[in-house]
Amino acid sequence: MQKKHVLIAGATGLIGNALVEFYLAHGACVSILTRKIKVNESKYRQVMWNLDKGFIETFDTKPDIIINLTGANIGEKRWTKKRKKELINSRVKSTELIYQWLCQKSWKIETYVTASGLGFFGDCGKISRVESDPPGTDFLSEICVAWELAAKKLHGTVAKSVSTLRFGIVLSPDGALISRMTPLSFLCVYPYFGTGSQMMPWIHIDDVVKIVDLSTTPNDEIKIYNVCSGVATTQKEFVETIAKVKCKSFLSFPIPEFVVKILLGEMSVLMLSGQNAVPRQLQNDKYTYSYNNLKDAIEHCLVPSRSTI
């Protein structure tokens with residue numbers, strides 16, 4: 001069987017790194033789109049690109065699958081008017097550039113996979129949301145809607161099928177999420193934000209990789225996946241589960257909503273809003289999770305063992 005050629009944009013991030021290792025281990029030909037060439041790297045091909053200049057380096061090997069994870073960090077800076085534009089453009093322009101590049105090459109790939117987020121649904125409290133439900137009305141929703149609309153253009157034109165992956169919070173031994181969420185853990189102090197009742201859809205990195213690979217199967221459709229575990233949890237439960245894994249005893253308390261809003265402005269929705277997302281498409285596909293229990297997932301991230309993928 002001929003090796004699949006997988007082209008990954010955003011390959012240096014948490015998910016991208018894991019995907020590169022996965023596809024190399026499974027015998028695929030891997031190329032990455034990068035702004036800076038890494039010297040002495042021979043395991044995969046590095047292809048220069050520049051969003052501002054609308055440039056992708058020429059090469060002649062058509063990819064079978066393109067996975068685009070590109071996007072400026074949502075929580076890195078306050079959401080000024082300029083930053084909001086950067087957050088949207090980094091996602092939409094990367095998609096448009098890939099589309100234009102494929103058109104210029106007269107290539108039609110099997111599957112285009114685009115990242116998105118469960119922020120698509122806005123703050124929906126405890127109300128469950130499946131893939132077919134409408135978007136919310138806040139800025140996170142605006143980003144996701146623009147991102148997904150840009151990807152739809154590829155369907156039937158330069159890609160036989162398009163898969164949209166709305167990621168929840170990704171847990172990984174290699175990620176900094178847990179330490180960022182629990183900066184006082186060395187004191188066994190674990191605050192949460194607001195009431196702590198906001199829903200936090202989460203997913204383990206091993207499952208992310210398996211789900212991305214599942215989504216690359218060509219099907220001549222636009223498929224949307226809520227990429228989260230099948231077990232809902234609140235932010236307070238999430239933080240206290242980390243605490244129970246790390247400490248014999250701990251202190252947990254709320255940081256008032258008004259304090260979070262003063263400190264973060266509009267970006268406070270990242271801490272104060274939640275989505276009770278249901279992975280309906282994964283359920284329909286009869287997907288089997290490696291980690292569908294929050295405590296097991298957190299234990300694996302804090303005390304890493306061999307990967308299950």
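Predicted model only: the values in this text are computed from it and were never measured. (Residues numbered from 1 in each chain as written. Predicted model: local features only at pLDDT ≥ 70, side-chain atom pairs only at ≥ 80, totals over all residues. Heavy atoms only, no water.)

1. Some points on a nonpolar patch on the surface
Thinking step 1. Among the surface-exposed residues, Leu 184, Phe 186 and Leu 187 lie close enough to one another that they form a single nonpolar patch of about 320 Å² accessible area.
Thinking step 2. Within the element layout of this structure, Leu 184 appears in the loop between helix 4 (177-181) and strand 10 (192-193).
Thinking step 3. Residue classification places Leu 184 among the partly exposed positions, given a relative accessible area of 32%. (Patch = residues over 30% accessible without salt bridge, like charges linked within 9 Å, V, L, I, M, F, W, Y side chains within 5 Å. Areas by Shrake-Rupley, 256 points an atom, 1.4 Å probe, with all protein chains shown as cover. Salt bridge = Lys/Arg side-chain N within 4 Å of Asp/Glu carboxyl O. Helix = DSSP H or I, 4+ residues; strand = E, 2+ residues; numbered from the N terminus. Buried < 20%, exposed > 50% of the residue type's maximum accessible area, 1.4 Å probe, protein only.)

2. Observations regarding the sheet that holds strand 3 (residues 45-50)
Sheet strands line up and pair through hydrogen bonds in the backbone, either parallel or antiparallel.
Thinking step 1. The strand order 4-3-2-1-5-6-8-12 describes an open sheet built from eight strands, whose pairing is mixed. Of all the strands in the sheet, just strand 4 (55-56) and strand 12 (222-227) have a single pairing partner and so form its edges.
Thinking step 2. When strand 1 (residues 5-9) meets strand 2 (residues 29-34), the two strands line up parallel, connected through five bridges. Within strand 2, the residue paired with Ile 8 across the bridge is Ile 32.
Thinking step 3. The sheet contacts of helix 2 (residues 81-105) involve strand 1, strand 2, strand 3, strand 4, strand 5 (65-68) and strand 6 (109-117), and relative to strand 5 the element is tilted by about 160°.
Thinking step 4. Those strands touched by helix 5 (residues 205-215) are strand 5, strand 6, strand 8 (159-167) and strand 12, and its axis lies near 155° from that of strand 8. (Pairing = 2+ DSSP bridges. Contact = heavy atoms within 4.5 Å. Axes fitted to C-alpha atoms, helices over the stretch in contact; angles between N-to-C directions.)

3. Focus on the nonpolar core
Thinking step 1. Counting residues in each nonpolar core, the largest one holds 43 residues, and the members touching the most others are Ile 8, Leu 19, Ile 67, Phe 167 and Val 208.
Thinking step 2. For this core, the element with the most residues is helix 1 (residues 14-25), which contributes six residues.
Thinking step 3. Once residues lying within four places of it in the same chain are set aside, the contact partners of Phe 167 are Ile 15, Leu 69, Ala 115, Ser 116, Gly 117, Leu 118, Val 208, Val 212 and Val 227.
Thinking step 4. Listed in part, the 21 residues of the second largest apolar core include Leu 33, Phe 59, Leu 97 and Trp 101. (Core = buried A, V, L, I, M, F, W, Y, C linked by side-chain atoms within 4.5 Å.)

4. Focus: the state of the cysteines
Thinking step 1. Counting across every chain of the model gives one disulfide.
Thinking step 2. Cys 188 shares a disulfide with Cys 247; S-S distance 2.4 Å. Since a negative S-S torsion denotes a left-handed disulfide, the Cys 188-Cys 247 link at about -95° is left-handed. Here Cys 188, found in the loop between helix 4 and strand 10, pairs with Cys 247, found in the loop between helix 6 (235-246) and strand 13 (254-255); they are 59 residues apart in sequence, far enough to count as distant.
Thinking step 3. Counting only cysteine sulfurs, Cys 124 is the nearest neighbor of Cys 144, a cysteine outside any disulfide, at a range of 12 Å.
Thinking step 4. Under the relative-accessibility criterion, Cys 144 is labelled buried at 5%.
Thinking step 5. Cysteine Cys 301 shares no disulfide, and the gap to the nearest cysteine sulfur, in Cys 228, comes to 16 Å.
Thinking step 6. Residue class for Cys 301 comes out buried when judged on its relative accessible area of 7%. (Disulfide = S-S within 2.5 Å.)

5. Quick word on the environment of Pro 279
Thinking step 1. One can find Pro 279 in the loop between strand 14 (276-277) and helix 9 (280-284).
Thinking step 2. Relative accessible area serves as the criterion here: at 2%, Pro 279 is assigned to the buried category.
Thinking step 3. Between the C-alpha atoms of Pro 279 and Asn 50, which are 229 residues apart in sequence, the distance is 34 Å.
Thinking step 4. Dropping the residues within four chain positions of it, Pro 279 is found in contact with Glu 131, Asn 226, Cys 228, Ser 229, Gly 230 and Tyr 289.

6. Topic: the environment of Asp 296
Thinking step 1. The topology assignment puts Asp 296 in helix 10 (residues 294-302).
Thinking step 2. What makes Asp 296 partly exposed here is its relative accessible area of 42%.
Thinking step 3. Put simply, Asp 296 and Val 245 are 51 residues apart on the chain and 9.5 Å apart in space, counted from C-alpha to C-alpha.

7. Section: the pattern of salt bridges
Thinking step 1. With the rule as written, the count across this model stands at 11 salt bridges.
Thinking step 2. Between Glu 110 and Lys 4 there is a salt bridge, with its nearest N and O atoms 2.8 Å apart. Linking Glu 110 in strand 6 with Lys 4 in the segment before strand 1, this pair joins segments that are 106 residues apart in sequence.
Thinking step 3. In this structure, Arg 83 and Glu 86 form a salt bridge, with 3.0 Å as the shortest nitrogen-oxygen distance. Here the residue Arg 83 and the residue Glu 86 both occupy positions in helix 2, the gap between them amounting to three residues, near one helical turn.

8. A look at the side chain of Ser 94
Thinking step 1. Checked against the element boundaries, Ser 94 lands in helix 2.
Thinking step 2. One polar contact links the side chain of Ser 94 to the main-chain carbonyl oxygen of Ser 90, over a distance of 3.3 Å.
Thinking step 3. In this view, Ser 94 contacts Trp 49, Leu 51, Asn 68, Thr 70 and Asn 89; residues no more than four positions away in its chain are not counted. (Polar contact = N/O pair within 3.5 Å; in protein donor to acceptor, adjacent residues only side chain to side chain.)

9. Overview of the side chain of Thr 111
Thinking step 1. Summarising the element assignment, Thr 111 is placed in strand 6.
Thinking step 2. Within the structure, the side chain of Thr 111 is placed 3.2 Å from the side chain of Ser 161, a separation counted as a polar contact.
Thinking step 3. Sequence-distant contacts of Thr 111, that is, excluding residues within four places in its chain, are made with Asp 64, Ile 65, Ile 66, Ser 161, Ser 163, Ser 215, Thr 216, Thr 217 and Pro 218.

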